[in-house]
Structures are given as structure tokens and as C-alpha cells.
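# A look at the structure
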Amino acid sequence: MPDIESLLKETRVFKPHKEFTKQANWNKKQVAEYRKLGAKDPARFWAKMAKQNVSWFTPWKTTLQWKPPFAKWFVGGKLNVSYNCLDRHLEAENAWRRNKAAIIWEGEPGDTRVLTYGELHREVCKFANVLKDQGVKKGDRIALYMPMIPELAIAMLACTRIGAPHNVVFGGFSAQALRDRINDAGAKLVVTADGGYRRGSPHALKPAVDEALKGCDGVETVVMVKRTGEPTNFVEGRDLWWHEVMAGASAKCPPAKLDAEHPLFILYTSGTTGKPKGILHTTGGYLTHVTTTAKAIFDLKDSDTFWCTADIGWITGHSYVIYGILANGATSLMYEGTPTHPGPDRFWDIIERWGVTIFYTAPTAIRTFIRLGDEHPKSHDLSSLRLLGTVGEPINPEAWMWYHRVIGGRRCPIVDTWWQTETGGIMITPLPGAVDTKPGSATLPFPGIQAEVWDEEGQTVTPPNGGFLVLKQPWPGMLRGIWGDPKRYQETYWSQYKNTYFAGDGAHRDPQGYFWIMGRIDDVMNISSHRIGTMEVESALVSHPKVAESAVVGRPDEITGTAIVAFVTPLGGIQADKELGEELRNHVTKQIGAIAKPAEIRFTDALPKTRSGKIMRRLLRDIASGKETVGDTSTLEDYSVLAKLKESEEG
Ligand code: WT7
């Protein structure tokens, strides 16, 4: 694995500051103790965490039932996620939190809304009653296609209150992508908004819902938040306005006592085939995992204002904008819009104005800010910050150093957190009061997590060699399956090695055992910290009437990490030109969403294939990144294709 050399040259080490360690939720001694317990008996460690950090109506009988690859955690236990995120902060010795901010929300135009724990509880109960009034029962799936507005948080928590699993679909996805997700999850109600704000103007969402629902027979009701007030289509008998149904709803709704393994949500993520996977998470294990990690890794305190910049449409937003943060009774900041509107300092302005203490973002955003110039963060007082985090892709050491210096003022620890939609919560990470950090390394597994780097035979590789990242033991936040497809679950994650989870990432460890994640090793690209399957983009391209064949690869990009390059063979007689290129780019946007829009389309009359007809992606990757092809080309069927590809027209 080629990146190893460069990474091993990174020798800078940053020790936790004494003052930080002194006040940390988990100090060195505690971490050592938890690591020991977690290594010896992971289930016992997690049981301890579940008791300490989560409130249960009924205690569990069995901590872990492991019938590989199916795990059940806290079997027999009963709880409710909204109760843990809300009610328990209004009771007994926590009752003082009633008027504390749970969510500080800022819209892109600059409008704001602060929901205290008391208010959020009321709104959630009301919307839970609205759902019940619409006939939603425990187990029914609800699709949420919304901008980053407080009603999204309210709707999610309301679903958890009555045990209706939610399926949040990122607002940037197209009607087609929304339709597929609604149908696959079998959702019966959709919550949406007329639109939201992006880059300074209203961005409509409802038209995509109307379009999607032309092919969704199971959906009976749409509840629409009025966010932008733009003229909107309204279907009588199907559509309801949020403000109208909420006006008459009661604010009393007891939390359902749900089994620990009751489905909590489905969230779709890309895989190596064209069809997205509905990742299923359940109640007790997931909540234990995200609440514990938020408390330990983000050192969450009652006095913190925590800002995770991820959209709630991704797992990061589920776990660390909503559940992990609110379950700890902290204040979560939620921002609707783009980082650079109205100016390149919007994020720093938000941090200064609200006094954000913990900031969690993606390396791609950090690289964008580096490019925009230091003057923007420097024109703001960022001294409220005490801890920084990153997630979503490997962070290059220079970006880490910039984050440390310019944003963290050299005083804030940085937690580089490795995890996935499938893992539910953070898995490999520094603990800010206890672990020395190295720029570019996610450091060590969280206590109770057993990660390794293996070769193809399942042997542990030793430094400086790289291999496949695996997880040897089940963990509470792990996915419980792929919705409706147990076979694919087994094949994707559990077939490479026996009883061991295969993450699909390459990694290596240094002599101190630190993990250096090298990125995906399958046909999944990491674009701006979001996973997009090459197959998904290819299917979108070949669904266009002028396309015969396509192959999609990623090439390194300074800002987004990876950029999408599509090699396209048009049907005979079709003119391959800039116009067609633009048409195809828009087609992909329409099929999947703007995140999947190819940065480059290259027309070619043939793709490099092996004699058995497999496309040789390795060659395409080299060509896309402008590299000389050095690898083995002996299996190539037609050598002339290579020369032709290098001259391929850009569309
Ligand atoms: C993939 C998961 C879970 C958060 C957002 C992405 C990559 C994630 C890191 C990190 C290096 C990382 C991996 C992983 N990734 N965090 N700290 N260092 N790589 O969720 O869409 O499920 O993607 O993101 O490749 O497999 P996701």
C-alpha cells in the first residue's frame, strides 16, 4: 500500500495539556482501567457504560447475545431514546436543565431559534401525538427529507418516542434517490419542508417529494414545514402543514417502553453495487455507544456548546448533532446553511457569537478554509474553543497542523475520529485527556473495541506494512443488518474473515500501535467525507439514453479528497462533446444528487477490459490522476485502448 512511506515520516507528537487532563471526564487512570476491562471482557465494559450513561425502564438480562454475524445487546432491557435525550433532564436533580438550551439553531439567512430542554420536550411530545393521530404505530417507518431546521430534530425524537424507526434522507438527494429510499424502507409517512436556504437563496425540497411520491404507493401522508414561504404545491387529502397539525396537538405523550433491540432508524449508505444499503440501528446498544463516546471523546460537560457541522442526513449528524449530545444534556448547535455564506468567515462568526466550546468537522472543510485564507478565522475571537474534532476521511498532517494552530490556538486537543455509518458511533480515536496525538493518525481503538490490521489470510500485519482494517468483537452501536437483505449484510461485512467485521478500509499501525487509516479499498469513493459508490454513478450514467457504457473512478483532489472522473462510451452515432458532458453531469445530479456529479467526464470509444470482460479500474485510476501506468497490464485484452484513453476527449 503506497501511502505507508509518507505517513511513517510523521513524527510529531502532541501530549495532552495538563490543565485539560485535570478536568477531563476520563482521565489517564480511568482510561487505563477501562482499556483493561474492555480488553478482558468487552461486554462487561459496555454493560458498565450502559448503566452509567443510559436510563432504563427495565434492566436487561443478557448483555450480549452473539450469533455471528448477528448481535443482540442488552437483551430484555427496556428504554426510550427520547426519554434519555429529554425527560431525564427535566427530572429530580437534573430539573434545572429545563430552561437550558438543548438546541441552538441558526438559519442561513441569520434567523435563530433556541429550544430549551423543556421546550424541545414539549415540541417532541406534540409531534409524537401528530404521528399517532395520523395512524402511525410502533414499528412503522417514517421518512424525513428536510433541511437542517429544528423540526428535523423534533421529528426524529418524536419517532423514537413512539418507536417508529426514522429514515432520514439527506436533502441534497434527488427525487429518484428519495423514492428508492422511501420504497426500500417501506415508509408510510414523509416529513418535509417547502425548502431550506443554501448559498443565500431558498432551495425547494417539496417538488422532489411530489416527484418521488409518484412511485411510492405506501405513503399516505406528507407533513410539510413552512420554512421558506415560497409558493408550494399542496396535495389536498395527502399533505398537511406542520404548523396547523401542531397547533392542536397535546404536549403530553408518555415515552413508549421499547425493547433494547427495537429498530431505532434506517440510514442509507453507498456500497459497491448500485443499490444503497439501508443500515439498521437499534435502540439500547446504539444509545449506549453514542452517549458514552460523546462524553469521553468530546469531554462533554454541562457548560459546553457543542457544534458538529455535519448534516443530519448523515450518520455523523444522527449520532453527534442529536443523540449522543442531547443524551448527555449538553447544548447542541445546529446550522442550516453553507460555510461560506454570506462570507468566508461564517463558521468563525458562529463560533464567536455563540461561544462554541467544541467544534467537530470534516477534513474537506478544513482544507477549504485553509485555501480561503487565515485572515477569516483570525478576524474572530475563537478563544471559547477548548476541543476540536475531525471525521469522515483521513486528515493530511498539514491540515491537522493548521487546524491545531489557526483554529485551536495551539491549546485545543484534536480528536481524529474513525468510524462509519455501520459502526453507529466512534471506534478509533484519541481520548483528549489521556492519549498523545500524532497529526494524521486516529490513534487507538476506544476501550471495548478490538480493531486490528490483517492481511488477506487474516494474519496480523506488523509495521510498516499495511492491510485491512477489521473489528474482532461485536460492539453495541454496530449495525444490526441491512434492511430487508440479511444475505448482503453477511456478504459485505462478514465473508472476508470468519466472525470478524470487515470495514472496507486500508490501514497500518506504527510501532506504538497507532492506527493510520488509508481510506477505502473497495469501489467506494470518499467525496467530501461522503461515501459514493462508483457503481451508483455508473448506473446513473448508463440510464441516460445516449450512453453505451461507463466506468467511474476517483482521483485525488486537494479540497474534496476525491473527485469523480467518469469514462463514458456514447452509443454509436452520438456526438461526444461538451454539451453531452454537461447533459450527463446534470443527469447524474437528477438521478442521485449534486454530491455525485462527476468533476470530469471523458469520452472514449472503448474501456480497458480483461479478457473476461472486467473493467480494469486500476488503469483508469492512473489515467484519471495523470499518472504513468506502472502496474501490470498483461491481462489487458486490447492494448490500443490505453493509448486511446490517454487522448480521450474531455466533455
Ligand atoms: C468511511 C465511512 C462516520 C462518519 C462519516 C462518514 C472514512 C471516516 C475517518 C477518519 C480516516 C475516515 C472511512 C470509513 N472515514 N472517518 N477519521 N480517518 N477515514 O461515514 O459515510 O459511513 O463513511 O469514512 O473510509 O470507512 P460513512
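For the structure itself, consult the block above.
Below: a short report on this structure. (Residues numbered from 1 in each chain as written. Predicted model: local features only at pLDDT ≥ 70, side-chain atom pairs only at ≥ 80, totals over all residues. Heavy atoms only, no water.)

### A few points about the overall build of the protein chain
Filter applied, for reference: Note on conventions: DSSP H or I runs of at least 4 residues are helices, E runs of at least 2 residues are strands, and numbering of each starts at the N terminus. Computation of the radius of gyration draws on C-alpha atoms, with the globule rule given as 2.2 Å multiplied by the number of residues to the power 0.38. Relative accessibility under 20% of the residue-type maximum defines a buried residue, over 50% an exposed one, and the middle range a partly exposed one, all with a 1.4 Å probe and only protein chains included. The contact definition used throughout considers only heavy atoms, calling two residues in contact when any of these lie within 4.5 Å. Throughout, the Shrake-Rupley method with a 1.4 Å probe supplies accessible areas, and for residues the shown protein chains are the sole cover considered. When charges are counted, neither His nor the chain ends are considered; positive counts come from Lys and Arg and negative counts from Asp and Glu. Charge positions come from single atoms, namely NZ of Lys, CZ of Arg, CG of Asp or CD of Glu.
Scanning the protein chain from N- to C-terminus turns up 21 helices and 31 strands. In terms of overall dimensions, the protein chain is globule-like: its C-alpha atoms have a radius of gyration of 24 Å, near the 26 Å expected for 651 residues. Counting over 651 residues, the protein chain shows a buried share of 61%. For the protein chain, the share of sequence-separated contacts (at least 6 apart) that also reach a separation of at least 24 residues comes to 70%. Roughly 24,700 Å² of accessible area belongs to the protein chain as shown, and the carbon and sulfur atoms make up 50% of that amount. If the 79 positive side-chain charges of the protein chain are averaged to one point and the 75 negative ones to another, these points end up 7 Å apart.

### Remarks on the side chain of threonine 291
The test is simple: For this analysis, a polar contact is any N or O atom pair within 3.5 Å, provided that within protein one partner can donate a hydrogen and the other can accept it, and provided that sequence-adjacent residues contribute only side-chain to side-chain pairs.
By the secondary structure assignment, threonine 291 is in helix α11 (residues 283-297). A polar atom in the side chain of threonine 291 sits 2.6 Å from the backbone oxygen of leucine 287. Setting aside anything within four residues of it in sequence, one finds threonine 291 in contact with Asn53, Arg88, Gly324, Ala327 and Asn328.

### Overview of the sheet that holds strand β19 (residues 387-391)
Keep this limit in mind: When DSSP finds two or more bridges between a pair of strands, those strands are recorded as paired. A fitted line through C-alpha atoms serves as each axis, taken over the contacting stretch for helices, and the angle formed by two N-to-C directions is quoted from 0 to 180°.
Strand order in the open sheet formed by seven strands is β5-β4-β17-β16-β18-β19-β20, with mixed pairing between adjacent strands. What marks the edges here is a single partner per strand, and that holds for β5 (112-116) and β20 (414-417). Taking the axes of each pair of neighbouring strands and ignoring which way they run, one obtains an average angle of 20° across the sheet. Note that β19 and β20 share four bridges and pair parallel.

### Notes on the packing of aromatic side chains
What characterises a pair of aromatic rings is the spacing of the ring centres plus the angle enclosed by the ring planes. Heads up, the rule is: Side-chain rings of Phe, Tyr and Trp, where Trp is taken by its six-membered ring, are said to pair if the distance between their centres is within 6.5 Å; with planes under 30 degrees apart they count as stacked, over 60 as edge-to-face, and otherwise as tilted. Sitting over a ring, as applied to charges here, requires NZ of Lys or CZ of Arg to be within 6 Å of the ring centre and within 35 degrees of the ring normal.
Under the defined criterion, the tally for this structure stands at 44 aromatic pairs. For the ring pair phenylalanine 45 and phenylalanine 446, a centre distance of 6.5 Å and an interplane angle of 65° mean the geometry is edge-to-face. Here phenylalanine 45, found in helix α4 (residues 42-53), pairs with phenylalanine 446, found in the loop between β20 and β21 (451-454); they are 401 residues apart in sequence, far enough to count as distant. For phenylalanine 45, a relative accessible area of 0% gives the class buried. Here the guanidinium or amino end of arginine 181 rests over the ring plane of phenylalanine 173, the centre of that ring lying 4.3 Å away. Just above the ring of phenylalanine 57 sits the side chain of lysine 257; from NZ or CZ to the centre is 5.4 Å.

### Digging into the site of the ligand
The cut-off we apply is this: The criterion for a residue being near a molecule or strand is simple. One of its heavy atoms has to lie within 4 Å of it.
Near the ligand you find 17 residues, and of these Asp416, Thr417, Thr421, Arg520 and Arg531 are the closest. At 3.1 Å, a backbone N or O of glycine 392 approaches a nitrogen atom of the ligand. Glutamate 393 places a main-chain nitrogen or oxygen 3.3 Å from a nitrogen atom of the ligand. Within the complex, the protein chains bury 96% of what would otherwise be the 550 Å² of accessible surface of the ligand.

### Thoughts on the pairing of β5
Where strand β4 (residues 101-106) and β5 come together, five bridges link them in antiparallel fashion. For alanine 101, the partnering residue across the bridge sits in β5 and is threonine 116. Taking the residues that link successive antiparallel strands as the turn, the β4-β5 hairpin has five residues, and the phi of glycine 110 there is positive, at about 110°.

### A few points about the nonpolar core
Put simply, the rule is: Side-chain atoms within 4.5 Å are what join buried Ala, Val, Leu, Ile, Met, Phe, Trp, Tyr and Cys residues into a set we call a nonpolar core.
Ranked by size, the top nonpolar core spans 124 residues in total, and within it Leu120, Phe127 and Phe298 carry the most contacts. With nine residues, helix α7 (residues 150-162) is the single largest residue contributor to this core. With sequence-adjacent residues up to four places away left out, phenylalanine 127 is seen in contact with Ile154, Ala155, Ala158, Val191, Val223, Trp242 and Met246.

### What about unusual backbone geometry?
In the segment running from proline 68 into proline 69, the intervening peptide bond is cis, with an omega of 0°. Mapped onto the elements of the fold, proline 69 is located in the loop between β1 (62-67) and β2 (70-75). Following histidine 341, the chain continues to proline 342 via a peptide bond in cis, the omega torsion being 0°. Its identity as a non-glycine residue notwithstanding, phenylalanine 74 has a phi of 55°, on the positive side. Examined against the element boundaries, phenylalanine 74 turns out to sit in strand β2.

### Thoughts on the pairing of strand β24 (residues 501-509)
Burial within β24 is extensive, with eight of its nine residues counted as buried. As defined by bridge partners, strand β22 (residues 466-471) adjoins β24 across five bridges and the pair is classed as antiparallel. For phenylalanine 468, the partnering residue across the bridge sits in β24 and is glycine 506. Counting the residues that bridge the hairpin from β24 to strand β25 (residues 515-520) gives five residues, and of these glycine 513 lies at a positive phi of roughly 85°.

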